[in-house]
Amino acid sequence: MSHDLPLITATPAKWAKQVLKNTNALLSDQVYLEKKAANNALEFLNLWPGPQAPDHWLAMVAAIARDETLHMQAVIKLLEKRSGILERAHKNPYAFDLRKLIRKGQGKDDLTDRLIVSALVEARSCERFIRLSEESKDAELTKFYKGLVVSENGHYQMFLDMAKKVSPAKEVDARWKKLLEEESKIIESQPVDFKIHSGWN
């Protein structure tokens, strides 16, 4: 898969061709995704194992939150330039289904899963941006999505590194493999829509 992403199910080109038929709806969805990604990163500021944060934990969280906020600003700028409207309501069934996999209330397992789910979302988003940059016939959009790929790819790896500060690497690797399988089922079951994490026909 492109950029050595570990995802099991590859998004087909037809998905990108489909969602690019309504770029303003796609951009509106992305505004909310970037906002939620920034908020998600900030939630980890005070979540760590033991009495104090592991090395580089706070810096990694701050870096991710900063990047996602900058992405949100960039998407808003592009949406406004294209006279798009930010929809008032937003749902992301893909992320909702992934969060069901978290072992809630189970100490370090809960935190480990939250980090792994965050990594999965970043990896899938990265792959979707690759597809969009490959299929877009709009030079501005192509450049925009290409610019997001490197950052998103780095984020998924950062979340995995953080998970390995919470649980032993072997446990994280095993859980990562299991949740990759679950993510594959979830992305394939998503409804068709003009969204970054939507399904395809």
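Residues numbered from 1 in each chain as written. Predicted model: local features only at pLDDT ≥ 70, side-chain atom pairs only at ≥ 80, totals over all residues. Heavy atoms only, no water.

A. Structural view of a positive patch on the surface. There is a patch of like positive charges on the surface, built from K35, K36, R99 and K104. Mapped onto the elements of the fold, K104 is located in the loop between helix 4 (93–99) and helix 5 (108–135). Assessed through its relative accessible area of 52%, K104 is described here as exposed. (Patch = residues over 30% accessible without salt bridge, like charges linked within 9 Å, V, L, I, M, F, W, Y side chains within 5 Å. Areas by Shrake-Rupley, 256 points an atom, 1.4 Å probe, with all protein chains shown as cover. Salt bridge = Lys/Arg side-chain N within 4 Å of Asp/Glu carboxyl O. Lys, Arg positive; Asp, Glu negative; His and termini not counted. Charge placed at Lys NZ, Arg CZ, Asp CG, Glu CD. Helix = DSSP H or I, 4+ residues; strand = E, 2+ residues; numbered from the N terminus. Buried < 20%, exposed > 50% of the residue type's maximum accessible area, 1.4 Å probe, protein only.)

B. Geometry of the packing of aromatic side chains. Under the defined criterion, the tally for this structure stands at 4 aromatic pairs. Aromatic side chains F144 and Y145 sit 5.2 Å apart centroid to centroid with 65° between the ring planes, which places their arrangement in the edge-to-face category. Each member of the pair F144 and Y145 is classed as buried. With centroids separated by 6.1 Å and ring planes inclined at 10°, the aromatic side chains of Y156 and W176 adopt a geometry described as stacked. (Phe/Tyr/Trp six-rings, centres within 6.5 Å; stacked < 30°, edge-to-face > 60°.)

C. Summary view of helix 5. For helix 5, spanning 28 residues, the distance from its first C-alpha to its last is 41 Å, which sits close to the expected 40 Å at 1.5 Å a residue. Counting buried positions along helix 5 gives 23 out of 28 residues, so the element sits mostly inside the fold. (Expected span 1.5 Å × (residues − 1).)

D. Spatial organisation of the nonpolar core. Judged by nonpolar contacts, the single largest core of 54 residues is most densely connected at W57, L115, L132 and Y145. Taken together, the elements giving at least two residues each to this core come down to helix 1 (13–19), helix 2 (23–43), helix 3 (57–81), helix 4, helix 5, helix 6 (139–166) and helix 7 (169–188). Not counting chain neighbours up to four residues away, the residues in contact with L132 comprise W15, A16, V19, L20, L26, Y145 and I196. (Core = buried A, V, L, I, M, F, W, Y, C linked by side-chain atoms within 4.5 Å. Contact = heavy atoms within 4.5 Å.)

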